[in-house]
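# Understanding the architecture of this molecule
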Amino acid sequence: MKSCKLSWLLVAMLSMIVAVFTYKFTVGEVKPSDDGRLAVQLSKDERNALLLEMRTWLQNSQGMLAAVSAQDFATVANLAKSSGMAAEAETPGSLFRKIPVEMKKLGFDTRQKFDEIAIDAEKLKDSQHTIKQISTAMNNCVACHATYRFVDITSR
Ligand code: HEC
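We describe a pair of aromatic rings using the distance from one ring centre to the other and the angle between the two ring planes. Enumeration over the complete set of coordinates arrives at one aromatic pair. Against the face of Phe96 rests Lys104, its NZ or CZ located 4.2 Å from the ring centre.

Here is the structure:
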């Protein structure tokens, strides 16, 4: 009887630990920011890595629009691919638990949208369709920027 109680206690404790980890993973490391957004707490290197990814996204988006206006679908596909899931490998692993799950979803969804742009550009070669897809993907840029900031907490 005693050992039965003990194992229930153990189960309860383990469930609590799992719950705490799940919670931390879901919310990430964020604090309210004075501009009304949520500030993701990062190291200097993590922030720099993410901002570099962002600048690449912007550059590729501009490049895709320039290419589609010239009906150059091979370039559209290449640029879209380098904004897609394949580029996720460059993201530092330490960020995984710091970024809130909602933000991760938005980030992955953006990458998947770029992968779709690449596939459709090669297959359909339809500029109206590609432009529409770029515009839809860029709604994610707008949505995420409206909600989150990156702050460097190491150099304070
Ligand atoms: C999942 C969230 C998310 C998505 C999606 C996202 N961004 Fe960002 N981006 C951020 C955050 C957070 C910052 C930092 C903003 C701040 O701290 O004020 C940022 C910053 C930037 C910057 C500034 C870079 C610098 O060097 O300061 C650029 C440019 C940028 N994003 C472009 C884009 C473009 C283009 C897209 C869409 C193709 C995009 N972002 C999609 C979260 C996102």
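On to the pattern of salt bridges. Counted according to the given criterion, the structure contains eight salt bridges. Between Glu53 and Arg111 there is a salt bridge, with its nearest N and O atoms 3.0 Å apart. One end of the pair, Glu53, is in helix H2 (residues 44–69); the other, Arg111, is in helix H4 (residues 101–124), with 58 residues separating them in the sequence. Shared partners join several salt bridges into a network, and the residues in it are Glu53, Glu88 and Arg111.

Every one of the 18 residues lining the ligand counts as a neighbour, but Met54, Arg55, Cys141, Cys144 and His145 are closest to it. Within the side chain of Arg55, an N or O atom sits 2.7 Å from an oxygen atom of the ligand. At a separation of 2.8 Å, a nitrogen atom of the ligand approaches a polar side-chain atom of His145. Of all the elements in the fold, those that place two or more residues in the shell around the ligand are H2, H4, helix H5 (127–147) and strand S3 (148–152). Partitioned by chemical class, the residues of the shell around the ligand number ten nonpolar, five polar and three charged.

So, about the sheet that holds strand S2 (residues 38–42). Taken together, the three strands give an open sheet; going across it, the order is S1-S2-S3, and neighbouring strands pair in mixed fashion. Of all the strands in the sheet, the pair left with one neighbour each is strand S1 (30–32) and S3. Ignoring strand direction, the axes of neighbouring strands in this sheet form an average angle of 35 degrees. Across three bridges, the pairing between S1 and S2 is antiparallel. Looking at the pairing, Pro32 lines up with Leu38 of S2.

Quick notes on the rules
The written sequence of each chain sets the order in which its residues are numbered from 1. Only residues with pLDDT of at least 70 are given local features in this predicted model, and only at 80 or more are side-chain atom pairs given and counted; all residues enter the totals for whole chains, interfaces and linings. In computing side-chain values, all of the structure's heavy atoms are included and hydrogens and water are not. We call Phe, Tyr and Trp rings a pair once their centres come within 6.5 Å, taking the six-membered ring for Trp, and we label the pair stacked below 30 degrees between planes, edge-to-face above 60, and tilted otherwise. Two conditions define a charge located above a ring, namely a distance within 6 Å from the ring centre to NZ of Lys or CZ of Arg, and an angle within 35 degrees of the ring normal. For this document, the term salt bridge refers to a Lys or Arg side-chain nitrogen within 4 Å of an Asp or Glu carboxyl oxygen. Put simply, DSSP H or I for four residues or longer makes a helix, DSSP E for two residues or longer makes a strand, and each gets a number counted from the N terminus. Near, as used in this document, describes a residue that has one of its heavy atoms within 4 Å of the molecule or strand being considered. Polar contacts, as counted here, are pairs of nitrogen or oxygen atoms within 3.5 Å of one another; within protein the pair requires one atom able to donate a hydrogen and one able to accept it, and residues that are adjacent in sequence qualify only if both atoms are side-chain atoms. Under the convention adopted here, Pro, Cys and the residues Ala, Val, Leu, Ile, Met, Phe, Trp and Tyr are nonpolar, Asp, Glu, Lys and Arg are charged, and Gly plus all remaining residues are polar. Here a strand pair is declared whenever DSSP counts at least two bridges between the two strands. Helix axes are fitted to C-alpha atoms over the stretch in contact, other axes to C-alpha atoms as well, and angles between N-to-C directions run from 0 to 180 degrees.

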